[in-house]
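Coordinate inspection notes
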Amino acid sequence: MNLPKFLLGDNTDHMDAIFVVHTEFPRFVINLVDDEIEWFEDLQGDDEEELAEIVSGLIEEATAFYDREMERYGSE
């Protein structure tokens, strides 16, 4: 199966959350409401400075993905 890089996640137990799932390494779920991230990878021992840069870029990409998806939903 060929998964997209980002997926939207929804859960009625978390009505105020906006979940975006990143399916490539490093895999994670981010709640865009509070920027809380749940990692699927063990990133201990990795270069923390490099990882911080990567994460910052991925958060921006996840936010842009969500904004684009909402624009598309709004135009239908």
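Everything below is about the structure shown above.
Residues numbered from 1 in each chain as written. Predicted model: local features only at pLDDT ≥ 70, side-chain atom pairs only at ≥ 80, totals over all residues. Heavy atoms only, no water.

Remarks on the packing of aromatic side chains
We count it as follows: Only rings of Phe, Tyr and Trp enter the pairing, Trp through its six-membered ring, and a pair is recorded when the two centres are within 6.5 Å. The plane angle decides the type: under 30 degrees is stacked, over 60 is edge-to-face, the rest tilted. The helix and strand labels rest on DSSP assignments: H or I over at least four residues marks a helix, E over at least two residues marks a strand, and numbering proceeds from the N terminus.
For the coordinates displayed, the defined rule picks out two aromatic pairs. Each ring, one from phenylalanine 6 and one from phenylalanine 65, has its centre 5.6 Å from the other, and the planes form 25°; the classification is stacked. Linking phenylalanine 6 in strand 1 (residues 6-9) with phenylalanine 65 in helix 1 (residues 48-74), this pair joins segments that are 59 residues apart in sequence.

Regarding the pattern of salt bridges
The following threshold applies: Counted as salt bridges are all cases of a side-chain nitrogen of Lys or Arg within 4 Å of a carboxyl oxygen of Asp or Glu. Burial here depends on accessible area, computed with a 1.4 Å probe over protein chains only, as a share of the maximum for the residue type. Under 20% is buried, over 50% is exposed, and the range in between is partly exposed.
For the structure on display, the rule yields four salt bridges. Of the charged contacts, one joins arginine 68 and glutamate 69 as a salt bridge, the two residues approaching to 3.0 Å between their closest N and O atoms. The exposure class of arginine 68 is partly exposed, given its relative accessible area of 38%. With a relative accessible area of 14%, glutamate 69 lands in the buried category. A salt bridge links glutamate 69 to arginine 72; its shortest N-O distance comes to 3.6 Å. With a gap of three residues between them, glutamate 69 and arginine 72 both fall in helix 1, about one helical turn apart. When its relative accessible area of 46% is taken as the criterion, arginine 72 is described as partly exposed.

What about the sheet that holds strand 4 (residues 36-39)?
What counts here: Whether two strands pair depends on DSSP finding at least two bridges between them. In this description, a line fitted to the C-alpha atoms serves as the axis of each element, helices being fitted only across the stretch in contact, and the angle between N-to-C directions of two axes falls anywhere from 0 to 180 degrees. Any two residues whose heavy atoms approach within 4.5 Å at even a single point are treated as in contact.
If you trace the four strands from one edge of the open sheet to the other, you get 1-2-3-4, paired in antiparallel fashion. Each end of this open sheet is capped by a strand with a single partner; those strands are strand 1 and strand 4. Adjacent strand axes in the sheet meet at a mean angle of 20°, parallel and antiparallel pairs treated alike. Contacting strand 1, strand 2 (19-22), strand 3 (28-31) and strand 4, helix 1 crosses the sheet at an angle of about 65° to strand 1.

Concerning the environment of aspartate 34
To be explicit about the condition: Throughout this description, a polar contact denotes any pair of N or O atoms lying within 3.5 Å of each other; where both atoms belong to protein, one of them has to be capable of donating a hydrogen while the other can accept it, and for residues adjacent in sequence the pair is counted only when both atoms sit in side chains.
With respect to the element layout, aspartate 34 can be found in the loop between strand 3 and strand 4. Among the residues examined, aspartate 34 registers a relative accessible area of 45% and is labelled partly exposed. Separated by 17 residues in the primary sequence, aspartate 34 and alanine 17 have C-alpha atoms spaced 8.4 Å apart. Only 3.0 Å separates the side chain of aspartate 34 from the backbone nitrogen of glutamate 36, close enough to count as a polar contact.

Some words on the nonpolar core
Definition in use: Here, the term nonpolar core denotes a set of buried Ala, Val, Leu, Ile, Met, Phe, Trp, Tyr and Cys residues that are joined through side-chain atoms within 4.5 Å.
Counting nine residues, the largest nonpolar core is built from Phe6, Val20, Phe28, Ile30, Leu32, Leu58, Ala62, Phe65 and Tyr66. At the level of elements, strand 3 and helix 1 are the ones that each hand at least two residues to this core.

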